Amino acid sequence: MSAEASGSSGGTVVNVTGSASHSTSHAGEEKSDRSLTSSKYVKLNVGGTLHYTTVQTLSKEDSLLRSMCDGSKEVTIDSEGWVVLDRSGRHFSLVLNFLRDGTVPLPENSRELEEVLKEAQYYRLQGLVQHCLTTLQKHRDNCRGCHIPMITSAKEEQRIIATCRKPVVKLQNNRGNNKYSYTSNSDDNLLKNIELFDKLGLRFNGRVLFIKDVLGDEICCWSFYGEGRKIAEVCCTSIVYATEKKQTKVEFPEARIFEETLNILIYENGRGSGSGSMALLESGGVSSGVGQSEEDGAGIGGGDRRVRRIHVRRHIMHDERGHGQQTVYKD
């Protein structure tokens, strides 16, 4: 596709059937020698982002883009042959992929999803509009239905875990329970743990009960329960020696936390009662970057099964003078 233009103006307005509209410029009239209907490929400049596609793709749905191709909608073509669309190009790749495949993964962020909806409405892509509306409604339903109990006492925690038929994930988060200063990345990692807790709560809403404890002794610790028993624990806190003083270090073992959350799904709907389920959980390997130990624990409901306690792997750090810094775990 190309466009010939006389004079100094950078663009021309053409009807895709080949009849050119008159555009006043300092040098005279501009014309296009080819229409979109006579071209197999289309170059699109959408708000400064460039896309290369076919007329067949743009014509798949009854939309504004099809109207541009069949001649019922005038288009602006610049001097280099790019069809100019005065829209944001941020989500246009998603629009094209929807036309190509008939479906497309949508952003998880509600604000971005609403932006995609606006673009779909502008281009009159009813299939994508409906897809966005359905996904937004699911997001709203999840937000309304995702209730996170806040633990206020040990008895309340025991009662919730013992009576809940779902697997339970507890995040114990008490930043004030610390007598040392924090390492430089600890605050960021603590925030990442809290954000992951919120994301998992939305993702597994209705399948897993998520509870939060801000009164416990641990600064940051994840606990995983099934059928009233503690199945695993991931402690994210350690004490390190740095420049002749102790500091508290908070880690963010995201992969391990996600793995343990998936593991306890075996206790969903009472499916974890059999011996095979425990064998399946106990056979899981230890992810790199963490250490694992087992302690006898009765859990909430009693029993002699072991609890997997996972800590960050012991390691040596060095300060600027080359002195070793031994990591010590807070048990």
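None of the values given here were measured: they were computed from a predicted structure. Every chain is numbered independently, its residues counted from 1 as its sequence is written. With the structure being a predicted model, the display of local features is reserved for residues of pLDDT at least 70 and the display and counting of side-chain atom pairs for 80 or more, all residues being used for whole-chain, interface and lining totals. As a rule here, side-chain values cover all heavy atoms of the structure and leave hydrogens and water aside.

Caption draft 1: Layout of the pairing of strand β4 (residues 75-78). Strands are treated as partners if at least two bridges between them are detected by DSSP. Secondary structure elements follow DSSP: runs of H or I no shorter than four residues count as helices, runs of E no shorter than two count as strands, and numbering proceeds from the N terminus. Examined bridge by bridge, β4 and strand β5 (residues 83-85) share two bridges and lie antiparallel to one another. Considered in β5, the bridge of Thr-76 is made with Val-84.

Caption draft 2: Geometry of the layout of surface pockets. Here a cavity means grid points, on a 1 Å grid over the protein atoms only, where a 1.4 Å probe fits yet cannot get out; a pocket means an open set of points with protein on both sides within 12 Å along at least five of seven lines; lining residues are those with an atom within 4 Å of a point. Grid points are joined across faces, edges and corners, and a volume is the space filled by probe spheres set on the points. Quantified by volume, the second largest pocket comes out at close to 230 Å³. Together, 16 residues line the second largest pocket, and Ala-154, Glu-157, Lys-170, Gln-172 and Asp-213 are the ones closest to its centre. If you list the elements that add at least two residues to the lining of the second largest pocket, you get α6 (154-163), β7 (168-173), β10 (220-226) and β11 (229-235).

Caption draft 3: Structural detail: the nonpolar core. Residues grouped as a nonpolar core are buried Ala, Val, Leu, Ile, Met, Phe, Trp, Tyr and Cys residues, joined through side-chain atoms within 4.5 Å. For every residue, the accessible area obtained with a 1.4 Å probe (protein chains only) is divided by the maximum for its type, and the residue is called buried under 20%, exposed over 50%, and partly exposed between those limits. In terms of nonpolar packing, the biggest core is built from 32 residues, with Tyr-123 and Leu-128 touching the most fellow members. Contributing elements (two or more residues each) for this core: β2 (41-46), α1 (55-58), α2 (64-70), β4, β5, α3 (92-101), α4 (110-122) and α5 (126-145). Here this core takes six residues from α3, the largest share from any one element. Those residues within four positions of Leu-128 in sequence are excluded, and the remaining contacts are Leu-94, Val-95, Phe-98, Val-104, Leu-106, Val-116 and Ala-120. By size, the runner-up hydrophobic cluster in this structure holds 21 residues, among which are Phe-204, Ile-219, Phe-224 and Val-250. Contacts between residues were defined by any pair of non-hydrogen atoms, one from each residue, lying within 4.5 Å.

Caption draft 4: A look at the pattern of salt bridges. Any carboxyl oxygen of Asp or Glu within 4 Å of a side-chain nitrogen of Lys or Arg constitutes a salt bridge here. What the rule picks out here adds up to eleven salt bridges. In this structure, Glu-251 engages Lys-249 in a salt bridge whose closest nitrogen and oxygen atoms are separated by 3.2 Å. Of the two residues examined, Glu-251 and Lys-249, each falls in the buried class. Of the charged contacts, one joins Arg-256 and Glu-259 as a salt bridge, the two residues approaching to 3.4 Å between their closest N and O atoms. In this pair, Arg-256 and Glu-259 both sit in helix α8 (residues 254-263), three residues apart, roughly one turn of the helix. With a relative accessible area of 23%, Glu-259 lands in the partly exposed category.

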